[in-house]
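# A closer look at the structure
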Amino acid sequence: MEERRKEKGKEGRRGKATGHSVDKFSRSNLPEMEKRKLHLPPGTALFVFVNNTLPQTAQLMGSVYESYKDEGDGFLYLCYSSEKTFG
Amino acid sequence: MTSLPGRGVSPSSSDPLCEGNAAPSSSSSSGQDLKQLKNSILSCVFSSPFSIFEAHQDSSANRSLKPHSGSYAWSRFLRRIACTGSMWRFLGASKALTSSDVWFLGKCYKLSSEELSNSSDCESGNAAFLEDFSSRIWITYRKGFDAISDSKYTSDVNWGCMVRSSQMLVAQALIFHHLGRSWRKPSQKPYSPEYIGILHMFGDSEACAFSIHNLLQAGKSYGLAAGSWVGPYAMCRAWQTLVCTNREHHEAVDGNGNFPMALYVVSGDEDGERGGAPVVCIDVAAQLCCDFNKNQSTWSPILLLVPLVLGLDKLNPRYIPLLKETLTFPQSLGILGGKPGTSTYIAGVQDDRALYLDPHEVQLAVDIAADNLEAGTSSYHCSTVRDLALDLIDPSLAIGFYCRDKDDFDDFCSRASELVDKANGAPLFTVVQSVQPSKQMYNEESSSGDGMDSINVEGLDGSGETGEEEWQIL
């Protein structure tokens, strides 16, 4: 349930897909994300998580949705994260 | 362990314990919380190694919040205690003996403790591992170098650890390439020109091809700057840029400073990507090799860097066995990463512990001339094996691999594919032959047939420009 937090901090953003869109895109791969839409400058890391794991890029949305849709509201929640820094 | 007396003892001249011992007088003025920290740490020191480990966590948190010198001296002191605490276990000097295999940059060592075995085979396993470990190039914080471009920084203490870790990984790639995986640091001078040449390239000045100066310059557009912390993805991109720049720059002159292999940062596009597990594309690797060879269609040696984030807040534990297995690949160059905020060069693994080279030790900058085969190189080697629990590693990290030729690359791909099969649906990265042309295929039956060629991300920012709310950012 940790992933279901609503967070808008700079470490992670969350998006969701409705059952309708997954229907339509069930034979698509993961959607290509434009970094600027996520308020990330070009050249920063962008990783997407479903259920705290990186989905396989070649996986079809339909199968991701079926495996990880929210049982409560039928949404598929995706978390986007950039990377941490070290010094 | 009597056969290996030097291991627990760090080189005395650069030992941060000396700094740490001087710290209490200065720390008395630096705040109540620090004193409390000190007290709690000291009480931990005299309890179990495990709680020392916990204490170290506190100290690094303290460091990132208050990077002023007082707490810094203490955190370094504490770090050393923490490392020493965990080293005992590794060395088998405490009760927690282990005789499990060590995997170190693709080589397996069978270690044992004295109590478990007296056979000379095992002793030589220990010695062989240590010789291998201490032959790796160790790159640390340095002080006293020429200021970095227009900044005033003449030291990278407290901010350069990711840069240093990446230098260690690339230095290992170069050692691997020029001298082979079985190369060991010779005990006698003169050293080989290849070895000295590699060390020279990592010197701390703009004249050295892969210096911190040049890396920061190359990585500017990825947020690299003197004094700033950096993540592994940005670091890999900085290397990509630097290698490319050096290649153009040195084209007309000579091969010196040229990176002798293709470099493939396995990641999506700069402007946008799908963000799932990265994909090693064989055709892309072939093209990079071809470019490296100036369009002669032969394969070339190639360095792969795979930046990853393996969990939102902490490392998802399901990735740990996979990470460990990458260190068993003969192509392994180890991992950039470490505990949150402190990057190290993770080069080996034993049970649930990562074995690493630590850049967080301050040494004076030294200048190793490319032709000085008598140069002193001891500050570039470390015989202190440090370890940390794999589940404490920060999820942001990067894995490196070196493939010497096509056969080696094919071997890497087949190992990586086997690892995908073991990943139970969540691999670190995958391997494909060619870039998949079709990103989006609509379900004919349910599609409204509106002819979009990608998922319309306009709706993603919630601006409501699309009629259908297919994706929504929360």
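Residues numbered from 1 in each chain as written. Chains lettered and ligands numbered in written order. Predicted model: local features only at pLDDT ≥ 70, side-chain atom pairs only at ≥ 80, totals over all residues. Heavy atoms only, no water.

## Focus on the packing of helix H6 (residues 161-179) of chain B against helix H7 (residues 193-201) of chain B
Residues and elements named next belong to chain B. Where H6 contacts H7, the two axes come as close as 10 Å, and the packing angle between them is 160°. Considering their axes alone, H6 and H7 lie roughly antiparallel with respect to each other. In the crossing of H6 with H7, the sense of the turn from one axis to the other is right-handed. Packed against H6, whose contacting residues are Ala 171, Leu 174, Ile 175, His 178 and Leu 179, the element H7 presents Glu 194, Tyr 195, Ile 198 and Met 201 at the interface. Residue composition of the contact of H6 with H7, grouped by class: seven nonpolar, one polar and one charged. (Axes fitted to C-alpha atoms, helices over the stretch in contact; angles between N-to-C directions. Helix = DSSP H or I, 4+ residues; strand = E, 2+ residues; numbered from the N terminus. Parallel < 35°, antiparallel > 145°, perpendicular 65-115°, else oblique. Left-handed = near helix turned anticlockwise from the far one by under 90°. Contact = heavy atoms within 4.5 Å. Nonpolar A, V, L, I, M, F, W, Y, C, P; charged D, E, K, R; others polar.)

## Considerations on the packing of aromatic side chains
What characterises a pair of aromatic rings is the spacing of the ring centres plus the angle enclosed by the ring planes. All names here are of chain B. Evaluation of the coordinates by the stated rule reveals 20 aromatic pairs over all chains. Taken together, a centroid distance of 5.2 Å and an interplanar angle of 80° make the contact between Tyr 191 and Tyr 195 edge-to-face. Here the two residues Tyr 191 and Tyr 195 agree in accessibility, since each one is buried. An aromatic cluster is present here, built from Trp 299, Phe 329, Phe 401, Phe 409, Phe 412 and Phe 429 joined pairwise through their rings. The ring of Tyr 380 carries Arg 142 above its face, with NZ or CZ at 4.5 Å from the centroid. One cation-aromatic arrangement involves Lys 406 over Trp 299; the distance from NZ or CZ to the ring centre is 5.0 Å. (Phe/Tyr/Trp six-rings, centres within 6.5 Å; stacked < 30°, edge-to-face > 60°. Buried < 20%, exposed > 50% of the residue type's maximum accessible area, 1.4 Å probe, protein only. Lys NZ or Arg CZ within 6 Å of the ring centre and 35° of its normal.)

## Describing the pattern of salt bridges
Residue and element names in this part refer to chain B. In total, this model carries 13 salt bridges over all chains according to the counting rule given. Across the pair Asp 132 and Arg 136 runs a salt bridge whose closest N-O atoms are separated by 2.8 Å. You'll find Asp 132 and Arg 136 in the same group, each marked buried. Of the charged contacts, one joins Arg 386 and Asp 358 as a salt bridge, the two residues approaching to 3.9 Å between their closest N and O atoms. Residue Arg 386 is located in strand E12 (residues 386-389), and its partner Asp 358 is located in the loop between strand E10 (353-357) and strand E11 (363-364); the two are separated by 28 residues in the primary sequence. Accessibility expressed as a relative area gives 3% for Arg 386, which makes it buried. Relative accessible area serves as the criterion here: at 5%, Asp 358 is assigned to the buried category. Taken together, the salt bridges that share partners define one network made up of Asp 132, Arg 136, Arg 181 and Arg 184. (Salt bridge = Lys/Arg side-chain N within 4 Å of Asp/Glu carboxyl O.)

## Overview of the nonpolar core
Residues and elements named next belong to chain B. Among the nonpolar cores identified, the biggest contains 72 residues, and Phe 202 and Leu 303 are the most heavily contacted of them. With eleven residues, H6 is the largest single contributor of residues to this core. Filtering out sequence-adjacent residues up to four positions away, Phe 202 remains in contact with Ile 139, Gln 167, Val 170, Ala 171, Leu 174, Phe 210, Trp 239 and Tyr 380. If you look at the next biggest cluster of nonpolar residues, it comprises 52 residues, including Val 309, Phe 329, Ile 399 and Cys 413. (Core = buried A, V, L, I, M, F, W, Y, C linked by side-chain atoms within 4.5 Å.)

## Some details on the confidence of the model for chain A
For chain A, per-residue confidence averages 73 on the pLDDT scale, and 69% of positions sit at 70 or higher. This stretch, residues 1-12 of chain A, has a pLDDT under 50; its non-local contacts, to residues over four places away or in other chains, come to 25 contacts. (pLDDT = per-residue confidence, 0-100.)

## Section: the pairing of strand E9 (residues 344-350) of chain B
One face of the sheet, then the other: side chains in a regular strand alternate in exactly this way. Residue and element names in this part refer to chain B. Among the seven residues that make up E9, seven are buried, leaving the element largely enclosed by the rest of the structure. Here strand E1 (residues 101-104) runs beside E9; their pairing, made up of three bridges, is antiparallel. Within E9, the residue paired with Phe 104 across the bridge is Gly 348. Sheet topology places strand E8 (residues 332-337) next to E9; three bridges connect them, and they run antiparallel. (Pairing = 2+ DSSP bridges.)

## Section: unusual backbone geometry
All names here are of chain B. For the bond from Lys 189 to Pro 190, the omega torsion is 0°, close enough to zero to count as cis. On the secondary structure map, Pro 190 appears in the loop between H6 and H7. Here Ser 149, not a glycine, exhibits a phi torsion of approximately 35°, which is positive. In this structure, Asp 351 is a non-glycine residue whose phi angle is positive, near 50°. In this fold, Asp 351 is placed in the loop between E9 and E10. Taking the relative accessible area as the measure of exposure, Asp 351 reaches 28% and is therefore partly exposed.

## A closer look at the environment of Val385(B)
Residue and element names in this part refer to chain B. Along the polypeptide, Val 385 turns up in the loop between E11 and E12. By relative accessible area, which is 3% here, Val 385 ends up buried. Spatially, the C-alpha atom of Val 385 lies 26 Å from that of Asp 367, the residues being 18 residues apart in sequence.

## As for the UniProt feature "active site" in chain B
Taken from the UniProt record, the annotation "active site" applies to Cys161(B), Asp358(B) and His360(B). Despite a sequence span of 200 residues, these residues sit close together in the fold, their greatest C-alpha distance being 8.5 Å. If you trace the backbone, Cys161(B) turns up in helix H6. With residues up to four places along the chain from it excluded, the contact list for Cys161(B) reads Phe86(A), Gly87(A), Tyr141(B), Gly341(B), Thr342(B), Ser343(B), Pro359(B) and His360(B). Along the polypeptide, His360(B) turns up in the loop between E10 and E11. Side chain to side chain, His360(B) and Asp358(B) meet in a polar contact 2.6 Å long. (UniProt positions renumbered as here; feature names shortened; annotations may be inferred. Polar contact = N/O pair within 3.5 Å; in protein donor to acceptor, adjacent residues only side chain to side chain.)

## Focus on the UniProt feature "lipid moiety-binding region: Phosphatidylethanolamine amidated glycine" in chain A
Residues and elements named next belong to chain A. Listed under "lipid moiety-binding region: Phosphatidylethanolamine amidated glycine" in the UniProt record, and renumbered for this structure, are Gly 87. Considering the arrangement of structural elements, one finds Gly 87 in the segment after strand E4 (76-81). For Gly 87, a relative accessible area of 0% corresponds to the buried category.

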